[in-house]
Amino acid sequence: MARLLVIGCGGVAQVAIQKCCQNSETFSELMIASRTESKCIELKKKLESQGTPVKIRTATVNADSVEELTALINVYKPDAVLNVALPYQDLTIMDACLACGVDYIDTANYEPEDTDDPKWREIYEKRIKEKGFTAYFDYSWQWAYEEKFREAGLTALLGTGFDPGVTSVFVAYAKKHYFDEIDTVDILDCNGGDHGYPFATNFNPEINLREVSANGSYMENGKWIETKPMEIKREYDFPQVGMKDMYLLHHEEIEALGRNFPEIKRIRFFMTFGQSYLTHMKCLENVGMLSTTPIEFDGKQIVPIQFLKALLPDPASLGPRTVGKTNIGCIFTGKKDGKEKTLYIYNVCDHQECYKELGSQAISYTTGVPAMIGTALVVNGTWKKPGVYTTDQFDPDPYMDMLNKYGLPWVVDENPVLVS
Ligand code: NDP
């Protein structure tokens, strides 16, 4: 029975926390700590009114401060910390976990809040030269903690959302059960949901818009190949969703899979977007609204993308109005027993079903469920191993079983249509 500290109480956290309460044989006590404690208190009340057996406490914390985090961890003494705040806080929370001797879990790799910070820029420019991709986020910052976590006998599990997270587990599962050798992986993230707004993002707008407006890239024969934003477009007929346009993006699991499965010759990631979303995003970008550089406005410093976030619908509020389904999965080519083989493993998730169950839309749901699963496997010892790991580095079977049990059942298709 574990005691868990959850940092953050946004769209993803609310699902992860509710799923922890469904898994009360693993989680007996929870502390929900975030910048705005009122959201934590509201969720605690909801869960208590439903009769959860899990003992819940709340706190306010500024997760940018290692000092505040350390003080909270030392008082609450959790077995692990689940970071479902923002990627900006990954390193401070990892530092606090090391200082207090507790395991660490997150859903997205580190990126800096201020991309103009000269100290960060210097390392970023060096990485572009060495590795050849320009995304603001990469694993180097968190992989640098490997020795510290190993020496402390602690586990850091990185990126246990859907993508990355489940998609990386799908790769480990395909390798374990279906292939002697995987040649290519195409990760396809399709959101067929409609929220009725001309423009909104399904998770944190700042993180989402930064990711989507950046250059794309994929890995071929161990090397990064970078593309212009939205340069590579394909159409795909997604099971239970239908035909959608999808675009090649840089995505963090490519980096981890490229390192951990060097045999894979090509790894790509595609995400679907509708024309309205792309037109709005281009326009906002052209007028400078996606910028993270603070500007002076009316005697105050404001960050344009943070101002935009304040104008856009809160992703957590999209639940009641979003209809349709997501389909996220991986298409593989490779060899088994000397023969060519193809495979598609995917999950279909219905926005309205998620809303009925937990009051969330499917993007938060598909991220929050695996956040709980990864955390449960670390705290119950199944995935406990000193060091810093991604989800493709463990036995995938217990994770795959829990996906079925906790609301994200998956399908294996051994004769899929491939992406050209
Ligand atoms: P939200 O913006 O909805 O929630 C973020 C939460 O973190 C809010 O409760 C916010 O507090 C809190 N927070 C932000 N800064 C701080 C701080 N300095 N100290 C304490 N708390 C803070 O984001 P989402 O729930 O949409 O996303 C959560 C994470 O999940 C992100 O890292 C995102 O990148 C990741 N993600 C991963 C996916 C995957 O598949 N792997 C997919 C989607 C998201 P406040 O309420 O005050 O704003």
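Below is a short write-up of the structure.

Cut-offs used in this document
- Residues numbered from 1 in each chain as written.
- Predicted model: local features only at pLDDT ≥ 70, side-chain atom pairs only at ≥ 80, totals over all residues.
- Helix = DSSP H or I, 4+ residues; strand = E, 2+ residues; numbered from the N terminus.
- Rg over C-alpha atoms; globule rule 2.2 N^0.38 Å.
- Buried ≥ 20, exposed ≤ 12 C-beta atoms within 10 Å, placed from the backbone.
- Pairing = 2+ DSSP bridges.
- Right-handed = clockwise from strand over helix to strand, strands pointing away.
- Near = placed C-beta within 6 Å.
- Nonpolar A, V, L, I, M, F, W, Y, C, P; charged D, E, K, R; others polar.

## Notes on the overall build of the protein
Check the secondary structure of the protein and you find 15 helices and 18 strands. For the protein, whose C-alpha radius of gyration is 20 Å, the value lies close to the compact-globule estimate of 22 Å for 420 residues. Counting only C-alpha atoms, the protein reaches 55 × 55 × 45 Å along its principal axes. Sorting the 420 residues of the protein into buried and exposed places 47% on the buried side.

## Focus: unusual backbone geometry
That bond from D163 to P164 is cis: its omega, 10°, falls within 30 degrees of zero. Among the secondary structure elements, P164 is positioned in the loop between strand 6 (155–158) and helix 8 (166–177). Although it is not a glycine, N221 adopts a positive phi angle of roughly 50°. Within the secondary structure, N221 is located in the loop between strand 8 (216–220) and strand 9 (223–227). Even without being glycine, D337 reaches a positive phi, approximately 50°. In this structure, D337 sits in the loop between strand 15 (325–336) and strand 16 (339–350). Judged by the 7 C-beta atoms lying within 10 Å of it, D337 is exposed.

## Side note on the pairing of strand 1 (residues 2–7)
Across 6 bridges, strand 1 lies against strand 2 (residues 27–34) in parallel orientation. By the bridge assignment for strand 2, L5 is matched with M31. Taken together, strand 1, helix 1 (residues 11–22) and strand 2 constitute a β-α-β crossover, and its handedness is right-handed. Where strand 1 lies against strand 4 (residues 80–83), 4 bridges are found, and the strand directions are parallel. Its bridge partner being in strand 4, V6 is matched across the sheet by L82.

## Overview of the site of the ligand
Around the ligand sit 33 residues, and of these G8, G10, V12, A63 and G161 come closest. Ranked by residues supplied to the shell around the ligand, first place goes to helix 1 with 3 residues. Of the residues in the shell around the ligand, the class split is 16 nonpolar, 13 polar and 4 charged.

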